[in-house]
Amino acid sequence: MKLPIKSLAVLAPLFAAMPAWAQDAAPAVAETVDKGDTAWMMTATILVLMMIVPGLALFYGGLVRTKNMLSMLTQVLGVCALAMIIWVGWGYSLAFSGGGAFIGDTAKLFLAGVTPDSTAATFSEGVAIPEYVFISFQMTFAAITTCLILGGLAERLKFGAALLFAAIWLTIVYFPIAHMVWAAGGYLFEMGALDFAGGTVVHINAGVAALVGAIMLGRRTGYQRDVMAPHSLVMTLIGAGLLWVGWFGFNAGSALEANGSAALAMINTFVATAAGVLAWMLAERVAGHKSSLLGAASGAIAGLVAVTPAAGNSGPFGAVALGAIASVGCFWFVSVLKPRLKLDDSLDAFGIHGVGGIIGSIGTAIVYAPSLGGPGGADYVIGDKLVVQIVAVLIAVAWSAIGSAIAFGIVKYTIGLRVSEEVEREGLDLGEHGERAYNY
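Overview of the structure. These figures come from a predicted structure and were not determined experimentally.

Scanning the protein from N- to C-terminus turns up 15 helices and three strands. Over its C-alpha trace the protein gives a radius of gyration of 21 Å, about what one expects of a compact globule, namely 22 Å for 440 residues. The 440 residues of the protein split such that 58% are buried. Taken as a whole, the protein presents about 16200 Å² of accessible surface, with 69% of it coming from carbon and sulfur. On the protein, the mean spot of the 21 positive side-chain charges and the mean spot of the 26 negative ones are 13 Å from each other.

One pass over the full model with this rule turns up two cavities of 30 Å³ or more. For the largest cavity, the calculated volume is near 110 Å³. If you trace the largest cavity, you find 17 residues lining it, with Leu-56, Tyr-60, Leu-148, Ile-301 and His-353 closest to the centre. At the level of secondary structure, the elements contributing two or more residues to the lining of the largest cavity comprise α2 (35-63), α4 (131-149), α7 (199-217), α8 (233-252) and α12 (349-367). For the lining of the largest cavity, the element with the most residues is α2, which contributes four residues. The residue inventory of the lining of the largest cavity, partitioned by class, reads 14 nonpolar, two polar and one charged. The volume enclosed by the second largest cavity comes to roughly 40 Å³. Lining the second largest cavity are Val-64, Asn-68, Ser-71, Met-72, Gln-75, Leu-153, Ala-154, Glu-155, Leu-157 and Leu-428. Considering every element that reaches the lining of the second largest cavity, the biggest residue donor is helix α3 (residues 69-96), with three residues. Here the lining of the second largest cavity is composed, by residue class, of six nonpolar, three polar and one charged.

Trp-87, Ile-149, Trp-169, Tyr-174, Trp-182 and Phe-250 are the most contacted members of the largest nonpolar core, which totals 108 residues. Counting residues per element, this core draws most heavily on helix α5 (residues 159-182), which supplies 15 residues. In contact with Trp-169, not counting residues within four places along its chain, are Thr-145, Thr-146, Ile-149, Tyr-174, Asn-205, Ala-206, Ala-209, Ser-400, Ser-404 and Ala-407.

With that settled, consider the environment of Val-307. Looking at the secondary structure, you find Val-307 in helix α10 (residues 293-307). In this structure the C-alpha to C-alpha distance between Val-307 and Asn-268, which are 39 residues apart in sequence, comes to 7.1 Å. The contacts of Val-307, once residues within four sequence positions are left out, are Asn-251, Asn-268, Thr-269, Ala-272 and Ala-319.

Taken in spatial order, the three strands line up as β1-β3-β2 in an open sheet, and their pairing is mixed. The open sheet has two edge strands, β1 (32-33) and β2 (119-121), and neither has a second partner. Bridge count for β2 against strand β3 (residues 127-130) is three bridges, and the pairing is antiparallel. Looking across to β3, one finds that Ala-120 is bridged to Ile-129. α4 rests against β2 and β3 of the sheet, and its axis sits at about 70 degrees to β3.

In this section: α7. Since the α-helix advances by 3.6 residues per turn, residues separated by three or four positions end up pointing in the same direction. Its 19 residues place the ends of α7 25 Å apart at the C-alpha level, agreeing with the 27 Å of an ideal helix rising 1.5 Å per residue. Immediately downstream of α7, the backbone of Gly-218 shows phi near 90 degrees, a positive value.

A cluster of nonpolar side chains, Phe-102, Ile-103, Tyr-187 and Trp-399, forms an exposed patch at the surface whose accessible area comes to about 340 Å². Looking at where Ile-103 falls in the secondary structure, it is placed in the loop between α3 and β2. Residue Ile-103 is classed as partly exposed on the basis of its relative accessible area of 34%.

Of note, Thr-273 is situated in helix α9 (residues 260-286). Among the residues examined, Thr-273 registers a relative accessible area of 0% and is labelled buried. Those residues in contact with Thr-273, other than ones at most four positions away along the chain, are Trp-244, Asn-268, Gly-299, Ala-300, Gly-303 and Leu-304.

This next bit is on the layout of surface pockets. By volume, the largest pocket amounts to about 670 Å³. Of all the elements in the fold, those that place two or more residues in the lining of the largest pocket are α2, α9, α10 and α11 (316-341). Ranked by residues supplied to the lining of the largest pocket, first place goes to α11 with five residues. Per-class residue counts for the lining of the largest pocket are 13 nonpolar, seven polar and eight charged.

Thresholds, definitions, all that
Residues numbered from 1 in each chain as written. Predicted model: local features only at pLDDT ≥ 70, side-chain atom pairs only at ≥ 80, totals over all residues. Heavy atoms only, no water. Helix = DSSP H or I, 4+ residues; strand = E, 2+ residues; numbered from the N terminus. Rg over C-alpha atoms; globule rule 2.2 N^0.38 Å. Buried < 20%, exposed > 50% of the residue type's maximum accessible area, 1.4 Å probe, protein only. Areas by Shrake-Rupley, 256 points an atom, 1.4 Å probe, with all protein chains shown as cover. Lys, Arg positive; Asp, Glu negative; His and termini not counted. Charge placed at Lys NZ, Arg CZ, Asp CG, Glu CD. 1 Å grid on protein atoms, 1.4 Å probe; cavity = no way out; pocket = protein on both sides within 12 Å on 5 of 7 lines; lining within 4 Å. Points joined across faces, edges and corners; volume = space filled by probe spheres on them. Nonpolar A, V, L, I, M, F, W, Y, C, P; charged D, E, K, R; others polar. Core = buried A, V, L, I, M, F, W, Y, C linked by side-chain atoms within 4.5 Å. Contact = heavy atoms within 4.5 Å. Pairing = 2+ DSSP bridges. Axes fitted to C-alpha atoms, helices over the stretch in contact; angles between N-to-C directions. Expected span 1.5 Å × (residues − 1). Patch = residues over 30% accessible without salt bridge, like charges linked within 9 Å, V, L, I, M, F, W, Y side chains within 5 Å. Salt bridge = Lys/Arg side-chain N within 4 Å of Asp/Glu carboxyl O.

In structure tokens:
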């Protein structure tokens with residue numbers, strides 16, 4: 001069986017016609033499960049899981065105050081687990097079943113019809129991987145995207161509210177955007193939007209949701225008055241390192257094969273991140289500050305975010321430029337604009353994922369050009385693709401903003417979003433979970 005699956009967005013210039021899995025009327029081609037590709041995709045899936053637990057959990061956990069460390073870990077673990085159950089319940093079907101412009105159908109609810117023998121096509125004709133592997137890979141994307149949002153809401157969001165929000169948000173925001181961008185027939189897919197591994201679907205989507213949530217939740221008690229410094233930059237760096245390693249599964253795995261496209265995504269994931277680290281530390285020096293570990297870790301994530309849509313859509317030096325530019329842009333937002341706006345995006349979920357995702361998604365249209373080392377064809381026109389990318393970004397921003405406001409609103413007026421001021425001052429570890437991260 002053939003499935004409409006995630007687009008590399010490099011297909012149009014590389015193939016004279018759409019690949020077999022994107023042609024509903026194409027003659028059937030016998031598919032063979034490739035054991036090497038299957039082994040790689042299983043490995044990539046596990047790497048993405050490592051990004052969430054423990055990677056993102058430790059990265060975010062180190063950034064909050066001691067009294068909220070355990071709460072942050074619990075929220076990430078709980079939301080991750082819930083997202084996985086929802087994905088196999090109805091998420092996979094809505095995202096990747098059917099050829100609608102904005103949403104899939106219900107043909108594969110609760111994985112109906114999926115067996116160990118069913119396959120998902122890769123980008124080579126006649127080559128496939130088991131459908132369960134593709135389902136699992138995409139499941140980790142849905143999980144980490146939802147968990148990223150928690151960074152903007154840290155130290156004041158109820159645990160129950162996090163779970164209820166996740167269930168609603170995945171259904172009305174994530175699944176439709178994933179379908180639009182990555183499924184054959186999806187509106188942005190058919191428009192030709194470039195998104196190799198999730199600039200719009202993951203980072204812009206999560207970043208905008210975090211921004212909406214931070215505004216609707218309100219600022220933390222004592223914000224810009226009390227000291228709210230990270231309690232453990234050691235934990236944050238461990239988390240950042242795990243995120244970087246896991247990101248190779250995220251980016252290179254999005255090639256769906258162990259091939260040259262995966263190799264390109266791999267080297268770009270190295271160099272864009274390195275450029276992000278150095279650019280953020282340099283920006284700190286230029287701004288009159290010392291180069292900090294927190295800045296270096298933030299720059300690494302900014303570089304990773306920016307290269308995600310361009311991982312297989314850019315040459316290595318285009319990735320270096322994209323990582324550096326996005327890092328400086330995120331630094332400016334986090335260090336200059338956010339304080340002026342008095343925006344309490346607690347752990348800079350929008351400041352890094354939203355801003356970096358926007359820069360990376362738009363910049364992909366530029367670095368895709370063959371004149372800059374990208375994989376675009378000889379007839380590639382930057383201006384034309386730039387318009388497509390900007391439209392895709394605007395749609396992703398609008399869909400996420402409106403859908404997130406609806407999801408947060410439902411939670412707010414049912415079970416409530418925010419813990420009491422007493423619990424907030426005591427700390428969510430004890431107030432929400434009755435435990436401490438540290439017993440000393």
